[in-house]
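Structure at a glance
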Amino acid sequence: MKEKEIDPVFSKKPIDIEKGKGVYLYDSEDNEYLDFGASYGVAAVGHSNDFILKAIEKQFKKLSFVHGSHPNSTREKLMNRLIEITPEKLNKVFLANSGTEAVEAAIKFSRASSGSSKIIAAKRGFHGRTMGSTSATWKPKYRKPFEPLVPGFNFVGYNDSEDLKETVDNDTACVLIEPIQGEGGIYPAEKEFLKTARDLCSDFGAFLVFDEIQTGLGRTGNIWSFEHYGIKPDALTSAKALGGGLPASALICGEEMSGAEHGGTYSGNPVVSASSKATLDYILKNELQRNAAEMGEIFINKLKNIDSDEIVDIRGRGLIVGVQVRHKSPPLLYQLAEKGVLALTSGINVMRFLPPLVVEEKHIEKAVEKIEEVV
Ligand SMILES: *Cc1c(COP(=O)(O)O)cnc(C)c1O
């Protein structure tokens, strides 16, 4: 696969990255970059975080791998921590290695447990690149080359409650929603939409699944972004930030959902579990969700003070921020990278900023100064 299709910015402007520390990345010539993309939110606790390193090292020395058929205390500690930070009824965890696998699990668990087959996702949504997740993903560029996809997927307009009412029925297994659409342009859900989804799922015996792979674990100012709405899902997916840099994901759900024979060899492997547990502990101990709320507010206010015709809209919550621009965003992002600030696209005319949750005001000041220069 051509990298061009994966990342419209850094495939055309390759910057080799050799080192990372905290919010900074360094190329082979030791040029320093402020990482305001955090590799799509993975580097939430910063790059090469010492606390995570210690946990990984300690676990690898003790036990590098054991299959999930053996109980393992490191895995159990991670699962318990995940259960502690989710609503009371969500007390089951399925661990995996990537976001898309958590979504696959959500799809399979929903079908197996509801006896229904229809999966409802949102237009503009993104859920991953394996066949089930791709079938729940909206953009043709992710879907077309792989058709025929998995049958039974339907799409509703994001924030379109009427559309939801017409689509959810007795054969619906789940409604799968990002509380803030990350890949689709940084669009936060309206409360009414999530509330409608909640009510319909309860009425029709379908599962409400929130995909918090990009928005979860503190990024929006709460541990989970759905907490801003006071609406609880039946299951949620987590990944990206979860592994502290190692590949980790989770589906957290209630008793009424089960995955039949679903599983995976690396599910809950001890080293990744140790890294994930340390990441959660680091976020909670340092209240990074609070820092995300505070820094996000400062960031958005400073962006709003930029006087430029290029900026059309500024959207987001906490440290997931989209700046919609008049022209295409990649050329602006190349320029920004040249000035030492790395960020991402989200759709073709949005600059997406997902700085590490450990970001400080001085980093935000510097990034905004550079953003102002390019717009
Ligand atoms: C990144 C992402 C995924 C897919 O995660 P991978 O680890 O790339 O498989 C799914 N859903 C959302 C909302 C994402 O942001």
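Here, every reference points to the structure presented above.
Here is a short report on the structure shown in this document. (Residues numbered from 1 in each chain as written. Predicted model: local features only at pLDDT ≥ 70, side-chain atom pairs only at ≥ 80, totals over all residues. Heavy atoms only, no water.)

1. Comments concerning the overall build of the protein
Per the secondary structure count, the protein includes twelve helices and 17 strands. Expected size for 375 residues packed as a compact globule is a radius of gyration near 21 Å; at 20 Å, the protein falls within 12% of this value. Projected onto its principal axes, the C-alpha positions of the protein cover 55 × 55 × 40 Å. Put simply, of all contacts in the protein between residues at least 6 apart along the chain, 71% involve residues at least 24 apart. (Helix = DSSP H or I, 4+ residues; strand = E, 2+ residues; numbered from the N terminus. Rg over C-alpha atoms; globule rule 2.2 N^0.38 Å. Contact = heavy atoms within 4.5 Å.)

2. What about the nonpolar core?
Formed by 77 residues in total, the largest nonpolar core has its most connected members in Leu-82 and Phe-353. Setting aside chain neighbours within four positions, we find Leu-82 in contact with Val-93, Leu-95, Leu-242, Ala-250, Ile-252 and Leu-280. Grouped together as the second largest cluster of nonpolar side chains are 23 residues, Val-103, Ala-106, Phe-155 and Ala-239 included. (Core = buried A, V, L, I, M, F, W, Y, C linked by side-chain atoms within 4.5 Å. Buried < 20%, exposed > 50% of the residue type's maximum accessible area, 1.4 Å probe, protein only.)

3. A look at the site of the ligand
Lining the immediate environment of the ligand, one finds Ser-98, Gly-99, Thr-100, Phe-126, His-127, Gly-128, Glu-178, Asp-211, Ile-213, Gln-214 and Lys-240. Taking Gly-99, its main chain carries an N or O atom lying 2.8 Å from an oxygen atom of the ligand. In the model, an oxygen atom of the ligand is placed 2.7 Å from a nitrogen or oxygen of the Thr-100 main chain. In terms of residue class, the shell around the ligand is built from two nonpolar, six polar and three charged. (Near = heavy atom within 4 Å. Polar contact = N/O pair within 3.5 Å; in protein donor to acceptor, adjacent residues only side chain to side chain. Nonpolar A, V, L, I, M, F, W, Y, C, P; charged D, E, K, R; others polar.)

4. Some details on the side chain of Glu-212
Here Glu-212 lies in the loop between β10 (207–211) and β11 (235–238). Buried Glu-212, no salt bridge; nearest opposite-charge side chain is Arg-317, N-O distance 9.4 Å. Here Thr-215 takes part through its side chain, which lies 2.7 Å from a polar atom of the side chain of Glu-212. Within the structure, the side chain of Glu-212 is placed 2.9 Å from the side chain of Ser-225, a separation counted as a polar contact. Beyond its immediate chain neighbours, meaning those up to four positions away, Glu-212 contacts Pro-179, Trp-224, Ser-225, Phe-226, Leu-236, Thr-237 and Ser-238. (Lys, Arg positive; Asp, Glu negative; His and termini not counted. Salt bridge = Lys/Arg side-chain N within 4 Å of Asp/Glu carboxyl O.)

5. Considerations on the sheet that holds strand β7 (residues 172–177)
Reading across from one edge, β4-β12-β11-β10-β7-β5-β6 is the order of the seven strands in this open sheet, with mixed pairing throughout. A single partner strand is all that each edge strand has here, and the edge strands are β4 (90–96) and β6 (153–156). On average, each strand axis in the sheet is tilted by 20° relative to the strand beside it, whichever way the strands run. (Pairing = 2+ DSSP bridges. Axes fitted to C-alpha atoms, helices over the stretch in contact; angles between N-to-C directions.)

6. A short note on unusual backbone geometry
The linkage connecting Glu-147 with the following residue, Pro-148, adopts the cis geometry, with an omega of 5°. With respect to the helices, strands and loops of the structure, Pro-148 is situated in the loop between α6 (140–143) and β6. A positive phi angle is found at Arg-124, which is not glycine, with a value near 75°. Residue position: Arg-124 is located in the loop between β5 (118–122) and α5 (131–135). Residue classification places Arg-124 among the partly exposed positions, given a relative accessible area of 32%. Although it is not a glycine, Asn-159 adopts a positive phi angle of roughly 70°. Along the chain, the position of Asn-159 falls in the loop between β6 and α7 (161–167).

7. Description of the side chain of Asn-49
Along the chain, Asn-49 turns up in the loop between α1 (38–41) and α2 (50–62). Engagement of the side chain of Asn-49 in a polar contact is seen with the backbone nitrogen of Phe-51, the distance being 2.9 Å.

8. A closer look at the packing of aromatic side chains
Enumeration according to the criterion identifies nine aromatic pairs in this entry. With a centroid separation of 5.1 Å and 65° between ring planes, the pair formed by Phe-126 and Tyr-142 is classed as edge-to-face. Placement of the pair is Phe-126 in the loop between β5 and α5 and Tyr-142 in helix α6, with a sequence separation of 16 residues. For the pair formed by Phe-126 and Tyr-142, the shared burial category is buried. Considering the side-chain rings of Trp-138 and Phe-155, the 5.3 Å spacing of their centres and the 65° angle between planes classify their relative orientation as edge-to-face. One end of the pair, Trp-138, is in the loop between α5 and α6; the other, Phe-155, is in strand β6, with 17 residues separating them in the sequence. Given a relative accessible area of 33%, Trp-138 falls into the partly exposed group. Judged by relative accessible area, which is 19%, Phe-155 ranks as buried. Joined through ring pairs, the aromatic side chains of Phe-36, Phe-299 and Phe-353 make up one cluster. It is Arg-315 that lies over the ring of Tyr-187; its NZ or CZ is 4.0 Å from the centre. Lying over the aromatic face of Tyr-229, Arg-317 brings its terminal NZ or CZ to 5.5 Å of the ring centre. (Phe/Tyr/Trp six-rings, centres within 6.5 Å; stacked < 30°, edge-to-face > 60°. Lys NZ or Arg CZ within 6 Å of the ring centre and 35° of its normal.)

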